[in-house]
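Structural features, examined
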Amino acid sequence: MKMRDISESQRQFALLGGIFAAALVVSLIMGWILFPSLAYARKAQPINYNPPLHVEQIGITCDTCHFFYEDGSWAGIPTLETCVDCHSDIIGASPEEEKFVNEYVKKNREVKWALYVKQPECVSFSHSSHVRMAKIACETCHGPQGHSDPKDYLANRITNYSYVVYDPRVPLNAFTIIRDKGETVWGTMRMDECTACHRSRGTSTACFICHK
Amino acid sequence: MNVDRRTFVKGMALAGGGALGIMLSPTPWYLIRDLAFWTQNWPWVPAPAPGEPSFEKSICRICDGGCGINVRKVDMRLVRIDGDKEHPVNQGSICPMGAAALQMLYGPSRTKVPLRRVGPRENPEWRPITWAEAIREVALKVRQLRAAGRPHELACITNSAHSTVNQFFERFLHAVGSRNFMQMNSALEAHSTVLALMQGVDEGIAYDIENARYLLSFGCNLLEGWGACGRMYHAHANRSAHEGGNSLEIVQIEPNLSVTASKASRWIPIKPGTDAALALSIAHVLISDGLYDKTFVERHTFGFEDWKDSDGKRRRGFKSEVLGRYSPRSVELITQVPANVIEEVAHEFAANQPALALGGRCDGSLFAGIYELMAIHSLNALAGNLSRPGGIFLQCDVPLKSLSPVKMDEQAEQGFAIPRSDGAGSKEHPLARHLPHNLDAGKVGVLLIHEVNPSYALPNRKVARAIFEDIPYIVSFSSFIDESSMQADLILPISTPLERWDDHTGAPGIPYPIYGLSHPLVNPLYESRNAGDVLIEIARELGGTIAESFPWNNTVEALRERAAGLYESGTGVIHTAEFSATYMSQTATPTEVKSFPTFSDFWNALVKNCCWSDPQCTTDQLEQTLKTPGKKFEFFSQRLQKTFGYSNDLECMPHYHEPPPNPQGFDLLIMPENLITMADNGLGTPPLLIKQLSNDVLSENDLFVQVNPITAMYQGLKDGESVILESPAGKVRVRIHTFAGVREGVVLIPLGFGHTAYDRFLRNKGVNALEIFDAKMDTVSGLAVWWAVPGKIYKV
Ligand code: SF4
């Protein structure tokens, strides 16, 4: 009777352990694979803009289109007006170019570019102080944009923020976003990334530096 | 379902395993981060749109101050207004109204399309119509008046600005055949009457405040809207750095502790309405102690000493009058200002020359009668402060080219011969120019209202009501849905000053000529148009001589034509400014008009910099400021005697007369209060400023009046209590706020509340104080007198 009791409780214990382990494994899979992959949607830019073509072949630099206004404020994503400076007519034979000129330039419609990087309103981020004063290169935060040609990007379904890789050897998926953000995957910087960089450069990380 | 222990434990194992697994995965941490990002990018939280920043200059046209402004733009959106440091009026200062003006431009109370009323005025419905229909309709109404032989029944009430568009309205009325062009009375209008009577000039008064050392302010709310508010701010902020290292002392003579009083060097609480007695008592001390400018008085004044008229009859002079009746001791009994204070102030006034005596309470428009302002102005003459630095000047004419003469046909000539319907210039009011508060509504068939709100702001409430009850057809040219528009028959949406071409001549109280020109900084919102352009089109629709009187295609053509006068005069300067690359500063150099090679260069610089001025051109010669027949300053106004035939000499001289006793039961005195953050002239107040009001001015929709705690105690009232405030003219429901800075027996009610139109931020907040002020007409000037009214206050 006693023996049977012990084995009964051991069985019970094993069963509970099994349930626990199974739940752990399932939730680990969900937490590491299922949810992350559900959290991102794969999308393409409205026009498959080709950075290497612009930068490497034509030889223009980032600040040709992403420039500072006279007062030092940042123009950001160029508006159609900037593109039209060169693309008033179709240049070359690419179908994307044709689409761009016909659908956007001729109809005077702004392209709704997916934003890879945009700090929220609560952050007062100045391109001027980073680029002009601290002399940080565009690539430091934005990655080697001008040198590869990403076909698609992942957009977070909650934030709408988008992520992109420029290295063709790196797969773009939720896992690489989690693992490689800031190295091979590029997207909006989080506060811990901002502060890490500030610390490493000996710049203040006081709240009011960014949150005015 | 029964949950036994085993099942429960199994459930816990499942939950525990699941929770641990999830916690060991990145999911919850990323979820928290993403939710945080999400909350910062909610699409419904307004965020400024990105775009190219730039700055443009303009002129603020919220009031007649004519301050210069710098407007920051991001692409085509105006985002911020600052004072223009180079502008001669305000030199960078700006009042809250001007700073918040963009909220009116982009606010919800704009008129958007022409609207025609259907249904009765009390309960109107509005039907959108096209501009073409609207113009045809106005033209038709005017044509009908003319066809009926009543062109003089066309009338117009417009703002007090000296602008080309207002000249257009006057012109239109002339061409149709009516004299009934009325401007709302400006704050310094009464002073013009004083100058006409004592100095024989028609120009407006100007004060060289920037060079004065001492300001004796008789109730002028210098920091709450008196004169050009931006200018007063600047003068006050720089009071310790006036020319020649002098500092400016302000002595505020006022019953209540206003903002100006609290910031003055000295506050002299005076019994309400006795300012004239105090001014004359100061004159008494100046004369009896020999502190006045004897040379000036002897050479350039008339009526100081006793004199003999042409019949050889002996007449009492100002000196005898003042010495006889206004000794500090007897005036102490009238004003409740101690005799020694009167003496002290008089001595300070004499010692701190150049000193100015300023009159006109609140924003300058309130006064107890023309004699009060004459008494105050006498002090300037005693100090010999006419046409001297730091003294009194005249507003100079801007050398604009006049518009070509109006063409009138026979009908127009006939109509034009008929006298005005507001009595201005008539036998009763020979000195008045515009008396909209005296308009006989029964004599008007078609009324054009332009950028004013008489329904709310006319001090004579009976006339205000009669206008909207009796006039058959009313057109409102307005940028906003105000009370007057709500009762009109046709609403024409007018572009706001930042969307249109406009100009402005002279700033109130500035001693040299200034011309402000503003151009559209953004395309007009909605279907709004420039009132000048609309008038041109109506004139064209009417044809004949009316159309010929408007030979321009649009307003800017006329502005350009007029500005040619400035160029041809070859005088004055334009402050041509360049903004630095960071827009943090601008450098301006005064460029002489002479140095522009062509008119076109001049015009372009004027458009860009918005302001022409001629600081060299002041009326610094006494011949310019004294134009009475004897070329003297008249303590005894011969014009007053001639015009009105007064037999009593006193009526031609500054004097104090006791007001009639209060009617039975009304033992308090209600006085209006100007708030710097509220538009009190019927224009709208931007929401930002309403939010600045403290809880003891406006709480929810309740307006607070201020009373002294002792007054409240006598009336058995507690702070915050709801009360009825009643005057012989009407009653309103308010709450009381006790404040020891209010004189005992006085109830101070703020102006600018109680709107029934505009947007939800302004509508139904408090009461319109004008409803209880029973405006009287000044016997001499015809202007509305409503500085106070007898009242009583009791619990609801
Ligand atoms: S004082 Fe008048 S003109 Fe000057 S900023 Fe204020 S509202 Fe505008």
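Predicted, not measured: the structure shown is a model, and the values here were computed from it.

Cut-offs used in this document
By convention here, each chain's residues receive numbers from 1 onward along its written sequence. Both sets of labels track the order of writing: A upward for chains, 1 upward for ligands. Since the coordinates come from a predicted model, pLDDT governs what is reported: local features require at least 70, and pairs of side-chain atoms require 80 or more to be given and counted, while whole-chain, interface and lining totals use all residues. With hydrogens and water stripped out, all remaining heavy atoms of the structure feed into the side-chain values. Planes of paired rings set the category: under 30 degrees apart is stacked, over 60 is edge-to-face and the rest tilted, where pairs are Phe, Tyr or Trp rings (Trp by its six-membered ring) whose centres lie within 6.5 Å. Two limits define a charge over a ring: the Lys NZ or Arg CZ must be within 6 Å of the ring centre, and within 35 degrees of the ring normal. Axes here mean lines fitted to C-alpha atoms, for a helix over just the part in contact, with angles spanning 0 to 180 degrees between N-to-C directions. Per the convention used, a helix needs a DSSP run of H or I reaching at least four residues, while a strand needs a run of E reaching at least two, with both numbered from the N terminus. Working rule for angles: under 35 degrees goes down as roughly parallel, over 145 as roughly antiparallel, 65 to 115 as roughly perpendicular, anything else as oblique. What makes a crossing left-handed is the near helix being turned counterclockwise from the far one by less than a right angle; a clockwise turn instead makes it right-handed. Contacts were defined at the residue level, with two residues in contact if any of their heavy atoms lie within 4.5 Å. Side-chain classes are defined by residue name, with Ala, Val, Leu, Ile, Met, Phe, Trp, Tyr, Cys and Pro counting as nonpolar, Asp, Glu, Lys and Arg as charged, and the others, Gly among them, as polar. Throughout, the term near means that a residue has one or more heavy atoms lying within 4 Å of the molecule or strand in question. Two parts placed together each lose some accessible area under a 1.4 Å probe, and adding up what both lose gives the buried area. Every case where a carboxyl oxygen of Asp or Glu lies within 4 Å of a side-chain nitrogen of Lys or Arg is listed as a salt bridge. Polar contacts, as counted here, are pairs of nitrogen or oxygen atoms within 3.5 Å of one another; within protein the pair requires one atom able to donate a hydrogen and one able to accept it, and residues that are adjacent in sequence qualify only if both atoms are side-chain atoms. A pair of strands is labelled paired if DSSP reports no fewer than 2 bridges between them. Boundaries of every domain are those given by an automatic assignment or by a domain database. Note on classification: 1.4 Å probe, protein chains only; a residue is buried when its accessible area is under 20% of the maximum for its type, exposed when over 50%, partly exposed between these limits. Among buried residues, those of type Ala, Val, Leu, Ile, Met, Phe, Trp, Tyr and Cys that are joined through side-chain atoms within 4.5 Å constitute a nonpolar core.

Some details on the packing of aromatic side chains
Residue and element names in this part refer to chain B. Counted according to the given criterion, the structure contains 31 aromatic pairs over all chains. Among the aromatic residues, ring-to-ring pairing joins Trp501, Tyr567, Phe596, Phe599, Phe602 and Trp603 into one connected group. Of note, arginine 171 hangs over the ring of phenylalanine 550, and the distance from its end group to the ring centre comes to 6.0 Å. The ring of phenylalanine 666 has lysine 792 sitting right over it, with the charged end atom 4.7 Å from the ring centre.

Looking at the packing of helix α10 (residues 275-288) of chain B against helix α13 (residues 328-335) of chain B
Residues and elements named next belong to chain B. Across the interface, α10 lies against α13 with an axial gap of 10 Å and an inter-helix angle of 165°. When the interaxial angle is binned, α10 and α13 end up roughly antiparallel. Our pair here, α10 against α13, has a crossing hand that is left-handed. Every residue of α13 that contacts α10 at Ala277, Leu278, Ser281, His284 and Val285 is listed here: Pro328, Val331, Ile334 and Thr335. In terms of residue class, the contact of α10 with α13 is built from six nonpolar, three polar and no charged.

Here's the deal with the site of the ligand
All names here are of chain B. Residues in contact with the ligand, as listed here, are Cys60, Ile62, Cys63, Gly65, Gly66, Cys67, Ile94, Cys95, Met97, Gly98, Cys229 and Gly230. Of all the secondary structure elements, the ones that give two or more residues to the shell around the ligand are α3 (96-99) and α8 (229-237). Class assignment for the residues of the shell around the ligand results in eight nonpolar, four polar and no charged.

Let's talk about the interface of chain A and chain B
Across the contact, 33 residues belong to chain A and 33 residues belong to chain B. Between chain A and chain B lies a buried interface of about 2,800 Å² when both sides are counted; carbon and sulfur atoms form 67% of it. When the shortest N-O distance is used, the salt bridge between aspartate 71 of chain A and arginine 72 of chain B registers 3.8 Å. Seen at the junction of chain A and chain B, the total is eight residue pairs in polar contact (both at pLDDT 80 or more). Looking at the side of chain A that touches chain B, the element that brings in the most residues is helix α1 (residues 2-39) of chain A, giving 15 residues. In terms of residue class, the side of chain A that touches chain B is built from 20 nonpolar, seven polar and six charged.

Observations concerning the environment of valine 452 of chain B
Residues and elements named next belong to chain B. With respect to the element layout, valine 452 can be found in the loop between β17 (446-450) and α17 (454-457). Considering only alpha carbons, one finds valine 452 and aspartate 482, 30 residues apart in sequence, at a separation of 8.9 Å. The residues contacting valine 452, other than those within four sequence positions of it, are Ile157, Thr158, Asn159, Met184, Asp482 and Ser484.

Here's the deal with the sheet that holds strand β7 (residues 181-183) of chain B
All names here are of chain B. Read across the sheet, seven strands follow the order β5-β4-β19-β18-β17-β6-β7 without closing on themselves; strand pairing throughout is mixed. Each edge of the open sheet is held by one strand with a lone partner, namely β5 (125-128) and β7. In this sheet, adjacent strand axes meet at a mean angle of 20° when their direction is disregarded. Direction of pairing for strand β6 (residues 154-158) relative to β17: parallel, over a ladder of five bridges.

Examining the domain arrangement of chain B
Entries for chain B in the domain assignment read domain 1 (5-40), domain 2 (115-187 + 406-557 + 604-613), domain 3 (205-394 + 623-652) and domain 4 (668-795). Centre-to-centre separation of domain 1 of chain B and domain 2 of chain B, based on C-alpha positions: 71 Å.

What to know about unusual backbone geometry
Residue proline 354 of chain B is reached from glutamine 353 of chain B by a cis peptide bond, and omega for that bond is 0°. Note that proline 354 of chain B resides in the loop between α14 (339-351) and β15 (355-358). A positive phi angle, close to 55°, is found at lysine 135 of chain A, a residue other than glycine. With respect to the helices and strands, lysine 135 of chain A occurs in the loop between α6 (127-133) and α7 (138-142).

Comments concerning the pattern of salt bridges
Residue and element names in this part refer to chain B. One pass over the full model with this rule turns up 41 salt bridges over all chains. Linking glutamate 137 and arginine 116 is a salt bridge whose minimum nitrogen-to-oxygen distance equals 2.5 Å. A residue pair is termed long-range when its members are at least 10 positions apart, and glutamate 137 in helix α5 (residues 131-147) and arginine 116 in strand β4 (residues 115-118) qualify at 21 residues. On the basis of relative accessibility, which here comes to 13%, the residue glutamate 137 falls in the buried class. In this structure, the salt-bridge partner of glutamate 210 is arginine 231, at a minimum N-O distance of 2.8 Å. Taken together, the positions of glutamate 210 in the loop between β8 (205-207) and β9 (214-218) and arginine 231 in helix α8 put the pair 21 residues apart, joining distant regions of the chain.

Considerations on the packing of helix α7 (residues 189-199) of chain B against helix α15 (residues 370-382) of chain B
Each pair of packed helices can be summarised by the angle the axes make with each other and by the distance between the axes. Residues and elements named next belong to chain B. At a closest axis distance of 10 Å, the pairing of α7 and α15 adopts a crossing angle of 65°. Viewed along their axes, α7 and α15 form a crossing whose handedness is right-handed. Residue-level contacts link Ala190, His191, Thr193, Val194, Leu195, Leu197, Met198 and Gln199 of α7 to Ile370, Leu373, Met374, His377 and Ser378 of α15. Residue composition of the contact of α7 with α15, grouped by class: eight nonpolar, five polar and no charged.

A word on the nonpolar core
One broad trend across soluble globular proteins is that nonpolar side chains are buried collectively. All names here are of chain B. If you look at the biggest cluster of nonpolar residues, it comprises 131 residues, and the most contacted ones within it are Leu216, Leu379, Leu382 and Ile749. Looking at this core element by element, the count peaks at 10 residues for α10. For this core, the domains that each give at least three residues are domain 3 (205-394 + 623-652) and domain 4 (668-795). Beyond its immediate sequence surroundings of up to four residues, leucine 379 is in contact with Leu216, Phe218, Ala279, Ile282, Ala283, Leu286, Phe349 and Ala357. Counting residues in hydrophobic clusters, the runner-up holds 38 residues, among them Cys156, Val475, Ala531 and Ile546.

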